[in-house]
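# Per-entry structural report
Residues per chain are reported as follows:
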Amino acid sequence: MDTKKSMSISTRASDPQALSESSAGLLRELIAHLRQNRTQLREEWARRITRAELLTAMTEEEIFAEATAVYDNYVEALETGTFEALQAYSRRLSERIIPRGVETDEVVGIVLLLRDVLARSLFTKYQDDVEKLNRILDSYEPAANRIANTVAVGFVEERERIIRQQQEAIRELSTPVLQVRERLLILPIIGVIDPQRARQLTEQLLRAIRANRAKVVVIDVTGVAAMDSGVANHLVQTVEASRLLGATVIVTGLSPEIAQTLVTIGVDLSEMATVGDLQGGIEEAERLLADRAAIPGPQAGREPGMELTR
């Protein structure tokens, strides 16, 4: 090798600034190539997506439209080195395609296909200059990896958010607060009550008491097979919180097993009115409301006694 040329390469390799400038120049050349061949590359990418049977829930026109937008955001991220716009687009894309059944592996697959399409175009362009090809790939790979990670993570985060929303909706449906008549609510609870569901139940009930200006609430636990100490104490706290909002709570449907458990673990039941079944609870609630209506003047706002146990 020529001595001067060898010294030049050696100097450039040992100078970080020179390496940085060289990489930046190669990246600019890469971006120019991607912009100049935009139409051809995005069309090839869309064809590859269809052939790989990815995004099958979408039409070819939709795939091409999304491929165009992703391609442009991809190139912008390469050019600017910032990923905020790509992250925002990934979230919007996820919002559109997740409800249609698109899976995580499909999103990862299309990003990897784009990398393959772009890499093949670089191999074709620089096939006669292997050294330059390697340097361009060295500049391209770190950014491409981060872009792929950004898109995949954005999709997964959005998917998890949607799953959490669906779980919350299911929980709300599983613990409906029903208004029987003015100032009277019923909360029928069915199934297992874990701490998270107990908290959500309390929040729903307190919101409903405030929204409906309820004065009596019947909580029916006939469909609850078991209750541990944590949930039992949470139920007592729910009764107390309801009382602070001006509502009397009647608990119905306590099974012998749950009643025995509550006594054994020492739950404070002094502030809890209980009735054997839901029908009896509703009748008692009606009586409390009638008594309240019959009390004249300032006494009408006072809470009826909580001493009832049937």
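Computed from a predicted structure; not experimentally measured.

## Remarks on the overall build of the protein
For the protein, the count of helices and strands is eleven helices and five strands. Burial analysis of the protein (310 residues in total) assigns 40% to the buried set.

## Things to note about unusual backbone geometry
Unusually for a residue other than glycine, Arg183 sits at a positive phi of about 75 degrees. Among the secondary structure elements, Arg183 is positioned in the loop between strand S1 (178–181) and strand S2 (184–190). Looking at Arg183, the relative accessible area reads 24%, which means it is partly exposed. The phi torsion at Arg213 lies on the positive side, around 50 degrees, for a residue other than glycine. Mapping Arg213 onto the fold places it in the loop between helix H8 (195–212) and strand S3 (216–223).

## So, the sheet that holds S3
Strand order in this open sheet of five strands is S1-S2-S3-S4-S5, and the pairing throughout is mixed. Strands at the two margins of the open sheet, each flanked by one partner only, are S1 and strand S5 (273–275). Across the sheet, the axes of successive neighbouring strands diverge by a mean angle of 30 degrees, strand direction being ignored. The sheet contact formed by S1 and S2 spans three bridges and is antiparallel. Paired with Leu178 across the bridge in S2 is Ile186.

## A word on the confidence of the model for the protein
When pLDDT is averaged across the protein, the result is 81; 85% of the residues are at 70 or more. The least confident element of the protein, judged by mean pLDDT, is helix H1 (residues 3–14) at 40; the most confident is strand S4 (residues 248–252) at 93. Per-residue pLDDT stays below 50 along residues 1–16; that stretch engages in five contacts with residues further than four places along the chain or on separate chains.

## Some thoughts on the pairing of S4
Taken across its five residues, S4 has five buried, putting it largely inside the fold. Because side chains alternate across S4, one face comprises the buried residues Thr248, Ile250 and Thr252, and the other comprises Val249 and Val251, equally buried. In the sheet, S3 pairs with S4 via five bridges, with the strands oriented parallel. Bridging across to S4, Val218 finds its partner in Ile250. Of the crossover connections in this fold, the one passing from S3 over helix H9 (residues 229–244) to the parallel S4 is right-handed. Bridge count for S4 against S5 is three bridges, and the pairing is parallel. Following the sheet pairing, Thr252 is matched in S5 by Val275.

## A look at the packing of helix H3 (residues 38–51) against helix H4 (residues 60–80)
Orientation of H3 relative to H4, taken along the N-to-C sense of each, is 130 degrees, at an axis distance of 9 Å. Between H3 and H4, the angle is such that the two are oblique. Of the two possible hands of crossing, H3 and H4 adopt the one that is right-handed. Contact with H3, carried on its side by Arg38, Leu41, Arg42, Glu43, Trp45, Ala46, Ile49 and Thr50, involves Glu60, Ile63, Phe64, Ala67, Thr68, Val70, Tyr71 and Asp72 of H4 and no other residues of that element. Among the residues making up the contact of H3 with H4, the classes are represented as nine nonpolar, two polar and five charged.

## Some points on the pattern of salt bridges
On inspection of all chains with the given rule, the structure shows 16 salt bridges. Arg287 is the partner of Glu284 in a salt bridge, and the nearest nitrogen-oxygen pair spans 2.4 Å. Placement of the pair is Glu284 and Arg287 together in helix H11 (residues 278–294), with a separation of three residues, close to one helical turn. Judged by its relative accessible area of 38%, Arg287 falls in the partly exposed class. Among the ionic contacts, a cluster of salt bridges with common partners joins Glu44, Arg47 and Arg51.

## Considerations on the nonpolar core
In this structure, Trp45 and Tyr140 are the most contacted members of the largest nonpolar core, which totals 45 residues. At the level of elements, helix H2 (16–36), H3, H4, helix H5 (84–97), helix H6 (104–125) and helix H7 (130–174) are the ones that each hand at least two residues to this core. If we skip the residues at most four places from it in the chain, Tyr140 touches Leu30, Tyr74, Leu78, Arg115, Leu118 and Leu122. Membership of the second largest hydrophobic core comes to 27 residues, among which are Ile193, Met227, Val236 and Ile258.

## Section: the environment of Gly253
Mapped onto the fold, Gly253 is located in the loop between S4 and helix H10 (256–264). C-alpha of Gly253 to C-alpha of Ile189: the two residues are 64 residues apart in sequence and 10.0 Å apart in space. Apart from the residues lying within four places of it in its own chain, the contact partners of Gly253 are Asp220, Val221, Thr222, Val275, Gly276 and Asp277.

## Some words on the side chain of Arg197
Residue position: Arg197 is located in helix H8. In this structure Arg197 comes out as buried when scored by relative accessible area, which is 7%. Of the polar contacts made by the side chain of Arg197, one reaches the backbone oxygen of Ile190; its length is 2.8 Å.

Conventions used here
- Residues numbered from 1 in each chain as written.
- Predicted model: local features only at pLDDT ≥ 70, side-chain atom pairs only at ≥ 80, totals over all residues.
- Heavy atoms only, no water.
- Helix = DSSP H or I, 4+ residues; strand = E, 2+ residues; numbered from the N terminus.
- Buried < 20%, exposed > 50% of the residue type's maximum accessible area, 1.4 Å probe, protein only.
- Pairing = 2+ DSSP bridges.
- Axes fitted to C-alpha atoms, helices over the stretch in contact; angles between N-to-C directions.
- pLDDT = per-residue confidence, 0-100.
- Contact = heavy atoms within 4.5 Å.
- Right-handed = clockwise from strand over helix to strand, strands pointing away.
- Parallel < 35°, antiparallel > 145°, perpendicular 65-115°, else oblique.
- Left-handed = near helix turned anticlockwise from the far one by under 90°.
- Nonpolar A, V, L, I, M, F, W, Y, C, P; charged D, E, K, R; others polar.
- Salt bridge = Lys/Arg side-chain N within 4 Å of Asp/Glu carboxyl O.
- Core = buried A, V, L, I, M, F, W, Y, C linked by side-chain atoms within 4.5 Å.
- Polar contact = N/O pair within 3.5 Å; in protein donor to acceptor, adjacent residues only side chain to side chain.

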